[in-house]
Structures are given as C-alpha cells and as structure tokens.
Amino acid sequence: MCSKEEKLKIAENILKTCYWGNTTMTPEYIVENIENDKELGRQLFSAIFQSSYEMYYNLGIMKEEWVKEFIINQNQRLGTYKREFLEARMDDLIKHYDIKDAGIRRPMPQLI
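The numbering scheme is per chain: residues are counted from 1 as the chain's sequence reads. In view of the model being predicted, local features appear only for residues whose pLDDT reaches at least 70, and side-chain atom pairs are presented and counted only at 80 or more, with totals across whole chains, interfaces and linings using the full set of residues. Only heavy atoms go into the side-chain values, all of them from the structure, while hydrogens and water stay out.

Caption draft 1: Spatial organisation of the nonpolar core. The biggest cluster of nonpolar side chains holds 32 residues, and the ones touching the most others in it are L44, M62 and I71. Only α1 (4-19), α2 (27-33), α3 (38-51), α4 (55-59), α5 (64-77) and α6 (83-96) provide two or more residues apiece to this core. Residues enter a nonpolar core if they are buried and are Ala, Val, Leu, Ile, Met, Phe, Trp, Tyr or Cys, with the set joined through side-chain atoms within 4.5 Å. Each residue is assigned to one of three classes by its accessible area relative to the maximum for its type, calculated with a 1.4 Å probe on protein chains only: buried under 20%, partly exposed between the two thresholds, exposed over 50%. The numbering of helices and of strands both runs from the N terminus, where a helix is a DSSP run of H or I of at least 4 residues and a strand a run of E of at least 2.

Set out below in structure tokens:
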C-alpha cells in the first residue's frame with residue numbers, strides 16, 4: 001500500500017498525464033476519496049487505461065481488487081475506437097495482474 005505522500009504524487013501524475021488540467025479534481029480530493037469511492041476509481045481507471053504512459057504506477061493508487069474488476073469489465077466492453085491500441089494495453093494489464101478469465105471480448109464488427 002502506498003503512503004499518503006506517494007498517493008499524492010500519483011494523483012498529481014494522473015491529473016497531469018490523463019486529464020491535462022481539464023478537471024476540477026485535485027490530488028488531495030483523489031487521495032481523500034479513492035479508498036471508499038468505487039465510482040471515482042472507475043473514472044480514474046478509464047482515464048489511466050486510455051491515456052497514461054505509466055499505467056501500473058498510476059493504478060497503484062487504488063485497490064488491486066477494484067483494478068482487476070475494472071479490467072475484466074473494460075475487456076468485455078472494448079469498442080472499435082483505438083481498438084488495436086487499447087487491446088494491446090488490455091492484454092498487458094491482464095497479464096500483469098495475472099487474470100485467468102477476463103471474459104469474452106466483444107468481437108469487431110465486419111466491415112463491408
């Protein structure tokens with residue numbers, strides 16, 4: 001588990017690299033709420049998954065059981081936008097967190 005100071009650094013990094021200052025959240029708000037607010041965790045996971053260059057470091061701010069749940073959920077909902085990029089990231093997350101059954105990934109629609 002990270003110290004409060006480390007969580008503040010991670011939160012600052014998330015805001016800088018995933019939100020680019022386009023949010024009213026503060027690092028302090030994230031640190032104060034991340035332990036008990038699963039919806040905040042889901043929101044941060046989505047931003048980290050789509051934008052972070054340091055996914056594993058940034059995901060360290062939240063409970064690992066939540067991260068695994070979010071991975072499984074997101075894996076089953078992958079759409080077509082940036083699919084190849086996001087599939088590669090998802091595969092890395094599944095391997096990193098040693099998830100044995102991440103569910104069935106939505107198939108890509110056939111283009112005619």
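Caption draft 2: Up close: the packing of aromatic side chains. The aromatic pairing rule takes the rings of Phe, Tyr and Trp, using the six-membered ring of Trp, and pairs them if the centres are within 6.5 Å, calling planes under 30 degrees apart stacked, those over 60 edge-to-face and the rest tilted. With the rule as written, the count across this model stands at two aromatic pairs. With centroids separated by 5.9 Å and ring planes inclined at 5°, the aromatic side chains of F45 and F49 adopt a geometry described as stacked. In this pair, F45 and F49 are both assigned in helix α3, four residues apart and thus about one turn of the helix distant. Summarising the burial analysis for this pair, F45 and F49 share the class buried. Geometrically, the ring pair formed by F45 and F70 is tilted, given 5.7 Å between the ring centres and 50° between the ring planes.

Caption draft 3: Summary view of the environment of G41. Tracing the backbone shows G41 in helix α3. When the C-alpha atoms of G41 and V67 are compared, they prove to be 8.2 Å apart, with 26 residues separating the residues in sequence. Here, two residues are considered to be in contact whenever any of their heavy atoms come within 4.5 Å of each other. In contact with G41, other than residues within four places in its own chain, are I34, M62 and F70.

Caption draft 4: Up close: unusual backbone geometry. In this model, K82 sits at a positive phi of 55°, which is unusual for a non-glycine residue. Along the polypeptide, K82 turns up in the loop between α5 and α6. Under the relative-accessibility criterion, K82 is labelled partly exposed at 33%. A positive phi is found at D98, a non-glycine position, where the angle reads about 50°. Looking at the secondary structure, you find D98 in the segment after α6.

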